[in-house]
Each structure stands twice: as C-alpha cells, then as structure tokens.
Amino acid sequence: MPVQLFVTCLVNSLYPDVGKATVALLERAGFHVEFPMDQTCCGQPAYNGGYHNEAIDQARQTLDVLDVTKGPIVVPSGSCAAMLIHHVPELVAAEPGYAAKATRVAARTRELTQFLVEEAGIDIRPVRCALATYHASCHGLRWLGVVAEPKTLLDDAGVERVELDGEDECCGFGGLFSINVPEVSAAMMDTKLDRIEASGADIVTGVDVACLMHIGGGLRRRGIPIAVKHIAEVLAGDPE
Amino acid sequence: MTTFRERIQEAFAEGVPISIDLGSRGRHEHRVSAAAAFPQMEEMRDRARTIRAEVVASLDEQLGRFADAAERAGSTVFFAADATEAREYIVELARTERVTRAVKVKSMVTEEIDLNAALESAGVEAIETDLGEFIVQLAGQPPAHFIAPAIHKDRYEIADLFVAELGVDYSDDPVELNNIARRHLRPRFLTAEMGISGVNFGVAADGSVALVTNEGNGRLCTTAPRIHVAVMGMERVVPTRADLAVMLEVLARSATGQSLSSYTNLVTGPRRSGEPDGPDQLHVVIVDNGRSATLGSSAAEILYCIRCGACLNTCPVYRHLGGHPYGSVYAGPIGKVVTPSLFGLEDWHDLPATSSLCGACEEVCPVRIDIPRLLVELRRQSVDRSTPAVRRSIRLYASLTTRPRLFRLLTRVAARLGRLWSRDGWLRRLPGVLGNWTQHRDLPAPAPETFSDWWRRNRGA
C-alpha cells in the first residue's frame, strides 16, 4: 500500500535524518513510501502567528500537492499533523474548491507514531539505545491525543526509559513565541532542561523536531551532553 | 503604558517569587485529583459548557428574567453600562446612606471597575476581608490570582507586612497570621454599614445571588451590614437552581480541588420582616463594561468563564510570571483573551502574543473554553501590529513556500551557507530577530543535504 510522506519543512532542511528514519520504519512495515516533491510548509507558523492570508496560501499549496496522491499521509510531527487535520480545514473553509480538498487530506493525515501503532501493527525491532526519556509535545498530545503510542513503541523496541517529571509541560518553544517573548520562552525551557537533567537520561526523545530543536539548542548552550533524537531515529536504529 | 514584554523583563529582573510556581502547581494537582475522584467530571464539564453557551446566546432574556425575579424578591437592580456608571452608583448609594465603612468579599469584577479607589476618594473606608485580598490590600497591590490573590507572598513576607501595617508582634505561624487578620477584621465587620460582594452566579428563576467562599467572610459581609451591594458581571447568570448545581460541581473542583467550597450562599433579596438578620437593602449592580460588545462574535466565548483560575494554575507562562506582569486584573490564559476583548485590542494586543499555544488551559477549563483558538483569532486581528521584522520574515517564507522549485533551490543554498557559517553544525549568534533565539539557545544549522535532495538522489523522481 502506498503512503505519502509529508516530511515537514524543519525536517527537510534541518533534520533530514529524521525523514530517512521515517522512510526506513514505514518500508520495514511493508509500505510503499512516496514523497510528493513539491511539498514545502503546511503554514503552521503563519497560522499560529495570526498571519492567516499567508497561512491560507501555504495551506493551498500543501493541499494541491497532497490531494492528488493516494493512501495515508504520514507526518513525523504531531504539530504539523494537527495543523493539517484540525486547522487547515478551518482556515480554507471559505476558499472556493479547497474546503473539500482540506477535508479529504485531513481524513488521510496521520501522525507517525499513531500510524505505526494503529494501522501498521508492525513488529518493532529491538534497538540499542542509551537510557532515554520522553517529552510529550503539546500539539500532538492535546490536539491528536498522542499519549501512549510513543512509549509503547519505545518499550516494544526494548528502549530503557525513565519517566520525565512534568513530561506534558510545554518546553517553551511555541514557534514565533520563542522569538517574540524570548525571556518567558527561555524560562519555560530552563524548567524543562532542569527536569531532563534530573531524570538521569542520556537521550531525550519526542515526536516533534521543533520542540526537540528547542530542547537540544538549550542543552547545547548549557554544555550538557544529553543527546536529542526524534523517535523515528530511535526506533529505526542507526540509519544507513 | 509599558509593554507586556517590558513588564516581564522587569518582573524577571526583580525575581519572580517561587511561591507562584509552587502555589499554582499545587492547586493544579488538587484539581487533577478532584477530577479523577469524580467520575462525572467530564460529563459535568459538557453540561456546564452547554448551560453557559445557552445563557450567553440568550443573555438579554436571561438578564431580564434575573432582574425581574431579583426585584420581586426585594432587591434593587441597576444596570451599569461601564465601570464609571457602576462606581458612581455605588459611591452615590454610600453617600446617601451615610456609609463610612464597607467590608468586601473578594470579587474580580470590583477589581475590574476599580471600586475601592472610588470609595476611598468618597471618604468610604473599603476593607477587603478575604485573607488573601486583605494581605494584598495592606501591601497596596492588586490580586495576583483569581482565587489566591496573595499567591506571590510567602508567610515571612506576610509576617513582616502585618508588623509594619498592623503594629502587631512578629509571627510567621500561618495559624497566628490568620488570627491576627481575624482579630483585626472582626470589629470592622460589625461596624460596617455596607457589605460589598461579587456574584458567582445569579439565578434567573428566583433572583438569588450565589456566592461561594472558603472563609465565612462572605456570610458576615452579606448579613451584618445594613446594606449589601452585589456586583455582577452581566454574563454570570444561570437559568435555574438545577443549573447552578451543575456549575457548582465544576467550580470548586476546578478552582481548589474541593468537591464544594466551604460556604455556598444563596442570597434571595434583603431581610424580610420577621427574619432575624440580613441587610435592609440589597442592591445588585450588573456590569457590562465591554461584555455586550463581544456578543455575536467569536469572542463571546470569554463570557462562559466562571473565574475558577484553573487555567492560571496549569499555565506554564503564568507559573513563571505570576499575575502582576499581565497588567490587567485578569491574568493568565483567560486573561489574555478577556482583557483585549473587554478593554480593547489596541492597548492589549501583546497579551495574546505571549503564549506558546500549548493548550494546557483548554484541557482544564470547566466550561471548555477554546482559549488557544481565541488567542490565534486575536493575533489575526492584530497582525498589523506585530513586529515588522517578524512580519516580513513570515511573508517572505510564505511566498517562497508557494513556489516549490524556488523553495528547493533556496533550501539547497541555505544548506551550503549554513555549513560555512556554523561550527559543528550549530549557530551560536544570529543577527536581527533571530538573535532573540540565540540569546538563550543554540540553533542547528541546515543539514548539508536537504531531505528532498537525498530522496531525489536515492529514490529518483
């Protein structure tokens, strides 16, 4: 069965290894992965910032690219998946021709870990991994209900894991928020980093590279050698 | 007026008291336990939302019914279009009735209309009798939280404050601090001519005003003085007592984790002949002050709010800031949508910008207000006031992402440049608005090869 990979603009430019790991996991599960080449950005930063004219342009571009494809659209990001599932249909509701496209695309869109657990039912291979802890990214958690799936997958892969105190508290990224109000964003990040350090884990993982970029950038600035990896990278093991 | 960011920087420079994080986190945990111990919690939240939505959709009619019933019960009802009208009515009443002292039950709406200052300048001593409100009044501060006004003060600070303001011996024992306040307030309860309260809910069916408190001060304020003034935000009506019961099920659990507050009062009119106590007059002052302007718009959802403070307790921004930097009596997530909606987006557009949109607020709201959606909507309405450099960047990025070939080319160029500019794949200092990022964290440089180039190279197109 074909699946479409919507890789997200952050993964495309900053974390291509997350995309490669996602391909590896989906292919291992027996899917034929396709990558619509003209995909760019779902428009979430503009939408959240209130720049809705711009977000509508981006949503239309994304819908044009995805609606002509077949099969589930898998996204290695809770946040971007929530954008396609919940916000894009609302955003383009009044755009001639796009309301129906948005509904169809939303119905096909799946966050990676939910897709792996619910649809694929794949055997997760054991991987070698240092002691890990899981940060629950807000949008996947609260808009899509990504709660148990990532932990189930990690446990199935035999990843040794410690719970993160306050795992469901925001890391303070919030897109433009981190630029517009850096003091508060950084204060929230510091609370998160303190807890990650206190967990004793060697690796932090999660379902969204945006939050992981924030956490990783903060850990690096602190000089703390805790690795940060997207869950696809952890589950895929070492990429080729 | 200062900007929110300036007030935040000031608060951080002074140091935000740890008691705010501890206090809000503790209350949130109580709420989680209370919800877990009450199997009907989610159903009650749905019912509470439905009740609030129906009331707001028919607010004129509900208010009319409430006012008629309150008057039948012997109350005097006054509709105040704005804060000035509400203040003037109460001050005039105090003057006519020769009131020199008023005791107050904690109330957000009387803070909103800045009633105490108006009373003081008319020569009426206004005394806050809720312990937390009493403390912040002594300190000359506004409340920092809907439910816990003195959340920012620890007992040592309160002990110092009592020594300085009340001339008592130092004690930092919470029980003794409570007794000091009690001894100070008791004679004032008994000599005040006016008691002023807010209204948690007005019951349209019988004109009752419902008041919930945990300290019993509400009962004294509404029974001992000869005049009771109940100030009510115009949205705080429920149709029947059965509806009130639903609201009470979710209010205390959300606010403090209690099944029910210690005192739930239903006041139906002033003292009737033959009754031993209660005021001679009950005035219900219904305050609009910007509320009716939201009716019919998406912002009307802010009128569902019952001021439980659960969203403040769970909010990571509030926990790190406390209430005062918000600059409005309504702090926290709900404050960021209530304040601009009631008092104008022009002055308050930076409140909705200060959210990571994490959604923790909506998760606990007893009436399921979609605060993140309201925040985004307010951002949309004030998008022309956003930082020009951010606006330009978003517009540029949006226009590039709608041209896929150009986008691929530029991300490829960025990958090359990033490698030249970065050290070990990271950027430490960036110019312009991106400097706001690198002030606190490193930024990963673009990878040497984009995913789409890797795909094209390995999988062919």
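Residue indices begin from 1 for each chain and proceed along its sequence in written order. All chains are assigned letters beginning at A, and all ligands numbers beginning at 1, according to the order in which they are written. Whole-chain, interface and lining totals are the exception, using all residues; otherwise, since this is a predicted model, local features are given only for residues with pLDDT of at least 70 and side-chain atom pairs are given and counted only at 80 or more. Working from all heavy atoms in the structure, the side-chain values ignore hydrogens and water.

1. A short note on the interface of chain B and chain A
For step 1, the next point in the chain: Facing 65 residues of chain B, the contacting portion of chain A comprises 64 residues.
For step 2, the next point in the chain: Summed over both partners, the interface of chain B with chain A buries about 5700 Å², with 63% contributed by carbon and sulfur atoms.
For step 3, the next point in the chain: Accessible area, probed at 1.4 Å, shrinks when two parts are joined; the buried area is that loss added up over both. Its largest share of buried area at the contact with chain A, chain B owes to R441, F451 and W455 of chain B, together 12% of the area lost on that side.
For step 4, the next point in the chain: For this document, the term salt bridge refers to a Lys or Arg side-chain nitrogen within 4 Å of an Asp or Glu carboxyl oxygen. Here chain B is connected to chain A by ten salt bridges.
For step 5, the next point in the chain: Among the ionic pairs, E54 of chain A bridges to R395 of chain B, the shortest N-O distance being 2.6 Å.
For step 6, the next point in the chain: Helix numbering and strand numbering both begin at the N terminus, where a helix is a DSSP run of H or I of at least 4 residues and a strand a DSSP run of E of at least 2. Among the elements that line the side of chain B that touches chain A, the one with the most residues is helix α20 (residues 388-401) of chain B, at seven residues. Only heavy atoms enter the contact rule, under which two residues are in contact if any of them lie within 4.5 Å.

2. A word on the domain arrangement of chain A
Residue and element names in this part refer to chain A.
For step 1, the next point in the chain: You can read the domains of chain A as domain 1 (2-118) and domain 2 (124-236).
For step 2, the next point in the chain: Bear in mind that the domain bounds are from an automatic or database domain assignment. Here the C-alpha centroids of domain 1 and domain 2 sit 22 Å apart.
For step 3, the next point in the chain: The partner domain 2 presents 22 residues to the 31 residues of domain 1 that form the contact.
For step 4, the next point in the chain: Carbon and sulfur atoms make up 70% of the area that domain 1 and domain 2 hide from each other, which totals about 2200 Å².

3. Observations regarding the environment of R459 of chain B
For step 1, the next point in the chain: If you trace the backbone, R459 of chain B turns up in helix α23 (residues 451-459).
For step 2, the next point in the chain: Sequence-distant contacts of R459 of chain B, defined by excluding residues within four places in its chain, comprise V23 and E27 of chain A together with W454 of chain B.
For step 3, the next point in the chain: Counted as a polar contact is a pair of N or O atoms within 3.5 Å, where, for protein atoms, one must be capable of donating a hydrogen and the other of accepting one, and residues adjacent in sequence contribute only when both atoms are in side chains. There is a polar contact of 2.5 Å between the side chain of R459 of chain B and the side chain of E27 of chain A.

4. Overview of the side chain of T450 of chain B
For step 1, the next point in the chain: Topologically, T450 of chain B is positioned in the loop between β12 (443-444) and α23.
For step 2, the next point in the chain: Ignoring any residue separated from it by four or fewer positions in sequence, one finds T450 of chain B in contact with N12 and P16 of chain A together with T411 and R412 of chain B.

5. What about empty space enclosed by the protein?
Residue and element names in this part refer to chain B.
For step 1, the next point in the chain: Here a cavity denotes grid points, spaced 1 Å and computed from the protein atoms alone, that fit a 1.4 Å probe unable to get out, and a pocket denotes an open set having protein on both sides within 12 Å along at least 5 of 7 lines; residues with an atom within 4 Å of a point are the lining. Grid points are joined across faces, edges and corners, and a volume is the space filled by probe spheres set on the points. The final tally for this structure, using the stated rule, is four cavities of 30 Å³ or more.
For step 2, the next point in the chain: By volume, the largest cavity is sized at about 120 Å³.
For step 3, the next point in the chain: Secondary-structure elements contributing two or more residues to the lining of the largest cavity are α14 (316-321), α15 (332-343), α18 (360-364) and α19 (371-381).
For step 4, the next point in the chain: Its residues assigned to classes, the lining of the largest cavity comprises eleven nonpolar, four polar and one charged.
For step 5, the next point in the chain: What the second largest cavity holds in volume is close to 100 Å³.
For step 6, the next point in the chain: The wall of the second largest cavity is formed by 14 residues, among which C305, C308, C311, C365 and P366 lie closest to the centre.
For step 7, the next point in the chain: In terms of residue class, the lining of the second largest cavity is made up of twelve nonpolar, one polar and one charged. By the convention adopted, Pro, Cys, Tyr, Trp, Phe, Met, Ile, Leu, Val and Ala count as nonpolar, Lys, Arg, Asp and Glu as charged, and the other residues, Gly among them, as polar.

6. Topic: the pattern of salt bridges
For step 1, the next point in the chain: Going through the model one piece at a time under the given rule, you end up with 52 salt bridges over all chains.
For step 2, the next point in the chain: A salt bridge links R155 of chain B to D172 of chain B; the shortest N-O distance between them is 3.9 Å. Of the two residues, R155 of chain B is situated in helix α9 (residues 155-166) and D172 of chain B in the loop between α9 and α10 (174-191); the sequence distance between them amounts to 17 residues.
For step 3, the next point in the chain: Throughout this description, buried means an accessible area under 20% of the type-specific maximum (1.4 Å probe, protein chains only), exposed means over 50%, and partly exposed covers the range between. D172 of chain B gets classed as partly exposed once you look at its relative accessible area, which sits at 23%.
For step 4, the next point in the chain: Linked by salt bridges that have partners in common, D165, E169 and R195 of chain A together with D21, R25 and R319 of chain B make up one network.

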